[in-house]
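Working through the structure, step by step
Spelled out from the first residue to the last, the chains are:
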Amino acid sequence: MNSLRPRRRVLKNTAMEAEQFRRRAAVAFMGVLIALACLALWYFRLQVWQHSEYATRSEENRIKLRPVVPARGLIYDRKGRILADNVPAFRLDVTPKEAGDSKKWLPELMKIVPLSPEDIASYEANRFVARGYKPVTLKLRLTEEEAARFAVDRWRFPGIELQSYLNRRYLYGELLSHVIGYVGRVDANDLKTMSESDTALSHVGKTGLERFYEQDLRGKVGYEKIVTNVDGRPMYSAGRVPAQPGADLRLSIDLDLQQAMVTAFGDMDGSAVAIDPRTGEVLAMVSLPGYDTNLFVNGISHVDYRTLMDAPSRPLFNRNVLGGGPPGSTVKPLIALAGLDSGLRTPDSKVFSTGTFYIPGQRRGWRDAHGGAGWTDLRKSISQSVNFYYYKLAYEMGIQRFDEYMYRYGFGAKTGIDLAGENIGVVPSPEWKRKRTKENWYPGETVNAGIGQGYWIATALQLVRGTGAIANGGDLHRLHLVDDRRDGYDRPWTPLPQPAPERITNNASNLRAVQEGMIATVHGGGTGAAMARGAPYMMAGKTGTAQKISRKGSVSFDPHNLPYHLRHQALFVGYAPAENPTIAIAVSVEHGGFGGTSAAPIARKVFDAWLLGKMPEPVEGVTRSPQGGVLMVGRAPPPPAQPLGATPTVAAGAGTVPANPAAGNPAKPATSNPSKPPTAGGQPTDTTVAPPSAETGASATPPSSEPPADGTPPQPQAETPPEPTR
C-alpha cells in the first residue's frame, strides 16, 4: 500500500539559486580580472620596468662583445733605439662556461696542440677567479703550424678560440734585465686587483720599468661588437670602440754605455750605476750577472727557473735596488764635507796620524791601513784614505750630528729611482741599534761609522747620488730612468717633470776642498792613481774596500790570496771630467779585493766610453749579454779626446741590430767565472756585513773580545782590529 501512496513534490527556491549563481559568477569574474591585472602588471614589468635588462640579454644572444687589447707601449733608449717592442703571435683562449668540463675536451685538444703542465695549471688556477663567461688564456705563443692545425678542427671545440695578439719582445734581454724587467702572464693575484675591462689583458709588468710604469704602458682596452648566429658563431662586426695604445717611454739609458759597462766587468760579478750629475739621469745601470728576460714573457719553465734560482751568484737579484752593504771609504768625501760644514774642521786643519786611534780611557785601538800618515789635512785624508782622520772626526762629531749630515746627503732614504722595492739602507744610529738588538750605543761604533763600516748599509744608487752632488756643486737630484713619454707614435715627446734638487751644502769653498781631495786621489798619487795612466781628461774619485775577514795580529791579508768568498768588496765612486762633470759613477765588485785595483779600472773604461767613444775590449770567452759584440759592429772610429767641459758625444753604434735571445742563455753559469767557488751558503756577500754585537765602554776589555773596526763579528784568534778600509 505504501507503494501506491503519491510522492511529495519538492519545490525549488529559484531566487536563492539565482543569488548563489550571481555570487559565484562575481567571484569567478573577479578572479579573472585579478589574473588579467597580474598579467598586465607582469607585461608592464617586462616591457617597461625591466626593458633595458631584457633588451640587453636579447641583444647579447645576437651580439657578443669581443675585447680589443691595446698595443703595449714601446721602450726606447736615449738615442731612440728600441729596447722593448711587440711582435704578432697567436694564443688559445677558453671561455669556461661555453667549453664545459675540461676533462672532456682537454685530452682531445692536446692531440692537436701540445700543452705543457704549466699551461694547464695556469688555466685551472685562473678559470676559478675569472667569471665563467670571461675568456681565460690556455696557451700563449702558438707556432704557425699549431695555429693551422687548430683552425681545421675548431668546430670540435666550442668555447675555445684562436686569438691574435702582440707578444712582448726584449731585443737586449740580458743587457737590460734589471732595468726594463719583464712582463708575465696574468695570474690569479693580478685578476683580483684588475678592473673589469683590464681582465682582457694577457700580460702585465712584473719587474723593472715594466712594473713601475704598468698603468702607462698597458693602455686602455677597447671592444668590438660581433654579430653571431644561433650557434654562437661570429658572422660580422657591428661596430668597434678602438683600444688606446700604451704610452711609449724614452729612457735616459745609453745602450752603448750600458754595453761598455757590462764588458768592463769582464767575468766579475757586481753592480754599477752611471748618472749625469747635472740632472740625475741614469746613463747606465747594471747588476751582474743578468738573465734573459724573454724567458719570462710567456711563462718560464720549471727547469730554467730552478737553474736561475739555484745559481750561487743569484742573477735574479737586483743588486742596485735591493742590495746594499758597507760603503767603506767611498763615503769619506761626504764625511769630510760634514766635518767642514759642522765647523769641526777647516780645509787646512791637520791632525797627526800615528797609525792607531784610541778613544780616551780605552786600550782598544783602531788602526790605519798603512801605519801612521803623519800630519794630514782634508785633501790628504781623501787622496791617501787616512782612516785616522775619520776615526777622530766621527768621534768628535758624535753619532747624532753624524747621522744628521748623512741623512742630508741622501743616505737612509730612497733616491727616487723609478723602480719598485728600493732599499733605503741603514745609517748607523742608537735608535736603529736599540730597536734591532735592544742594546745601547757605544763610542767605538761611532768610530766604525766614520770609515763607512759597522752598521752601515748603503746602496750604489745612494753613493752615486751623493757623488753627483759633490760633482755638480751641491745639488742632490732625484735619480730617474725615464726622461720622456708620448701617447701615440704621431705625438710629440713630453718630458716627465722632476722635483727640484736638494742642497747638501751652501759653502762653495768647503765643497771645492773635497773636490780637490778626490782629484788628488786619481791624479795626485792617491789610492786611485793607476786608473789615471794615459787619460786625456781629469777625473775625481774615491776608492773603497769593505772587508770580510779580520787580520791576525799585525799580519795583513792580501785579499787576492784569500778564498773567493772571503775576499773584500771593491768599491769606487767618481766623476769626470773633473772641471765640468758630465758623468758620475759608483762601482761595486763582489769579492774584488781592493777598490783601486778592481773597481777603479772599471770606472775608467766607462769614462772612456762616454767621453771618448772608446769601447772596452771584451774578455776572451766571456759573453755577458745576448747580443755579445753585435751591438758594436759597424761603430765608427772613436773621436779624438774632447777638451774639458765639452759636451761628450758617443759615436752611434749598430744598436738597431736585433738580438738573438738564443745566443746567450742566462740560465747557464757562464755569466760568472767558472773557476770561482760559490759564495758561502749560496748568498751574495755584498748586501750586508754582520754588525758588531757590542762595543766596549769606558772600562778596558781584552782586545780579542771586542768587535773589529769593520763591523764584522769578532774573530777569536784576532789580537788586534782588522785592517781598516781604503
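Residues numbered from 1 in each chain as written. Predicted model: local features only at pLDDT ≥ 70, side-chain atom pairs only at ≥ 80, totals over all residues. Heavy atoms only, no water.

A word on the overall build of the chain. Across its full length, the chain carries 21 helices and 23 strands. Out of the 726 residues in the chain, the part that is buried amounts to 52%. Within the chain, contacts between residues at least 6 apart in sequence are counted, and of these 74% link residues at least 24 apart. Surface summary for the chain: the accessible area is close to 32,800 Å², and the carbon and sulfur share equals 56%. (Helix = DSSP H or I, 4+ residues; strand = E, 2+ residues; numbered from the N terminus. Buried < 20%, exposed > 50% of the residue type's maximum accessible area, 1.4 Å probe, protein only. Contact = heavy atoms within 4.5 Å. Areas by Shrake-Rupley, 256 points an atom, 1.4 Å probe, with all protein chains shown as cover.)

This paragraph deals with the side chain of Glu-214. Structurally, Glu-214 is set in helix H10 (residues 214-218). A distance of 2.6 Å separates the side chain of Glu-214 from the side chain of Arg-72, its partner in a polar contact. (Polar contact = N/O pair within 3.5 Å; in protein donor to acceptor, adjacent residues only side chain to side chain.)

As enumerated under the stated definition, the model contains 19 aromatic pairs in all. A ring pair is formed by Tyr-182 and Phe-296, whose centres lie 4.4 Å apart and whose planes are at 20°; its orientation type is stacked. In this pair, Tyr-182 is assigned in the loop between helix H7 (177-180) and strand E6 (183-185) and Phe-296 in the loop between strand E12 (281-288) and helix H12 (302-310), connecting sequence segments 114 residues apart. Here the two residues Tyr-182 and Phe-296 agree in accessibility, since each one is buried. (Phe/Tyr/Trp six-rings, centres within 6.5 Å; stacked < 30°, edge-to-face > 60°.)

What follows covers the sheet that holds strand E8 (residues 222-228). The strand order E1-E8-E9 describes an open sheet built from three strands, whose pairing is antiparallel. At either margin of the open sheet sits one strand with a lone partner, and together these are strand E1 (63-68) and strand E9 (234-241). The sheet shows a mean angle of 30° between the axes of neighbouring strands, taken without regard to direction. (Pairing = 2+ DSSP bridges. Axes fitted to C-alpha atoms, helices over the stretch in contact; angles between N-to-C directions.)

Core analysis: the biggest nonpolar cluster contains 124 residues, and Met-406 and Phe-411 have the highest contact counts within it. No other element matches helix H21 (residues 595-612), which puts 10 residues into this core. Sequence-distant contacts of Phe-411, defined by excluding residues within four places in its chain, comprise Val-331, Leu-334, Met-406, Val-427, Trp-456, Ala-458, Gln-462 and Leu-463. (Core = buried A, V, L, I, M, F, W, Y, C linked by side-chain atoms within 4.5 Å.)

Between two packed helices, the angle of one axis relative to the other and the distance separating the axes together describe the packing. Packing of helix H13 (residues 332-341) against helix H20 (residues 508-523) leaves a shortest axis separation of 9 Å and a crossing angle of 150°. If you check the angle between H13 and H20, you find them roughly antiparallel. Crossing geometry of H13 relative to H20 is assigned as right-handed. Between H13, through Pro-333, Leu-337, Leu-340 and Asp-341, and H20, the contact on the second element is made entirely by Asn-510, Leu-511, Ala-513, Val-514 and Met-518. (Parallel < 35°, antiparallel > 145°, perpendicular 65-115°, else oblique. Left-handed = near helix turned anticlockwise from the far one by under 90°.)

Moving on, we get to helix H16 (residues 399-408). Of all the positions in H16, only Ile-399, Phe-402, Asp-403, Tyr-405 and Met-406 are classed as buried. When H16 is viewed along its axis, its buried side chains cluster within an angular range of 165° and face the same direction. Following H16 by one or two positions, Gly-410 adopts a phi angle in the positive range, close to 100°. (Arc of directions from axis to C-beta.)

What follows deals with the sheet that holds strand E21 (residues 540-546). Reading across from one edge, E12-E11-E23-E22-E21 is the order of the five strands in this open sheet, with antiparallel pairing throughout. Looking at strand neighbours, the two that pair on one side only are E12 and E21, the edges of this open sheet. Within this sheet the neighbouring strands show an average axis-to-axis angle of 5°, counted without direction. Sheet contacts for H20: E21 and strand E22 (569-576); angle to E21, the most-contacted strand, approximately 75°.

Before going further, it helps to spend a moment on the environment of Asp-487. Looking at the element boundaries, Asp-487 is found in the loop between strand E18 (482-486) and strand E19 (494-495). Using a relative accessible area of 45% as the deciding quantity, one classes Asp-487 as partly exposed. Asp-487 sits 239 residues away from Asp-248 along the chain, and the two C-alpha atoms are 6.5 Å apart. A distance of 2.4 Å separates polar atoms of two side chains, one belonging to Asp-487 and the other to Arg-485.

Let us look at the pattern of salt bridges. The final tally for this structure, using the stated rule, is 41 salt bridges. For Asp-93, the salt bridge goes to Arg-91, with nearest N and O atoms at 3.0 Å. Each member of the pair Asp-93 and Arg-91 is classed as buried. Its salt-bridge partner being Glu-396, residue Lys-392 comes within 3.1 Å of it at the nearest N-O pair. (Salt bridge = Lys/Arg side-chain N within 4 Å of Asp/Glu carboxyl O.)

To continue, consider helix H6 (residues 144-152). Those residues of H6 not exposed but buried are Glu-146, Ala-147 and Phe-150. In a view along the axis of H6, the buried residues occupy a sector of 100°, so they form one face of it. Of the residues in H6, the exposed ones pointing more than 90 degrees away from the buried face are Glu-144, Glu-145 and Val-152. Residues of H6 that are buried in the fold lie against strand E3 (82-94), helix H4 (102-110), strand E4 (136-142) and strand E5 (160-170).

All right, on to the side chain of Asp-276 then. Structurally, Asp-276 is set in strand E11 (residues 270-276). At a separation of 2.9 Å, a polar atom in the side chain of Asp-276 contacts the side chain of Arg-278. Those residues within four positions of Asp-276 in sequence are excluded, and the remaining contacts are Glu-281, Leu-283 and Thr-582.

So, on to unusual backbone geometry. Residue Leu-288 is joined to Pro-289 through a cis peptide bond whose omega torsion reads 0°. Among the secondary structure elements, Pro-289 is positioned in the loop between E12 and H12. With an omega of -20°, the peptide bond between Ala-576 and Pro-577 qualifies as cis. Note on placement: Pro-577 falls in the loop between E22 and strand E23 (583-589).

With 79% of its residues at a pLDDT of 70 or more, the chain has an overall mean of 81. Predicted confidence for residues 626-726 stays below pLDDT 50, and this span has 258 contacts to residues more than four positions away or in other chains. (pLDDT = per-residue confidence, 0-100.)

The next thing to look at is the pairing of E12. Most of E12 sits out of view: eight of its eight residues are buried. Where E11 and E12 come together, seven bridges link them in antiparallel fashion. Among the inter-strand pairings, Ser-271 is bridged to a residue of E12, identified as Ser-287. Between E11 and E12, which pair antiparallel in sequence order, lie four residues; one of them, Gly-280, sits at a positive phi of approximately 85°.

Packing of helix H11 (residues 255-265) against H21 leaves a shortest axis separation of 9 Å and a crossing angle of 155°. Looking at the two axes, H11 sits roughly antiparallel to H21. Regarding H11 and H21, the two cross each other, and that crossing is right-handed. For the pair H11 and H21, contact is made by Leu-257, Ala-260, Met-261, Ala-264 and Phe-265 and by Ile-602, Lys-605, Val-606, Ala-609 and Trp-610, respectively. Classifying every residue of the contact of H11 with H21 by side-chain character gives nine nonpolar, no polar and one charged. (Nonpolar A, V, L, I, M, F, W, Y, C, P; charged D, E, K, R; others polar.)

Looking now at a nonpolar patch on the surface. Taken together, the side chains of Phe-29, Met-30, Val-32, Leu-33, Ile-34, Leu-36, Leu-39, Trp-42 and Tyr-43 present a nonpolar region at the surface, about 900 Å² in accessible area. Here Leu-39 lies in helix H1 (residues 14-49). (Patch = residues over 30% accessible without salt bridge, like charges linked within 9 Å, V, L, I, M, F, W, Y side chains within 5 Å.)

Right, let's get into the environment of Gly-593. With respect to the secondary-structure elements, Gly-593 resides in the loop between E23 and H21. Residue classification places Gly-593 among the buried residues on the basis of a relative accessible area of 0%. For Gly-593 and Leu-571, which are 22 residues apart along the polypeptide, the C-alpha to C-alpha distance reads 9.1 Å.

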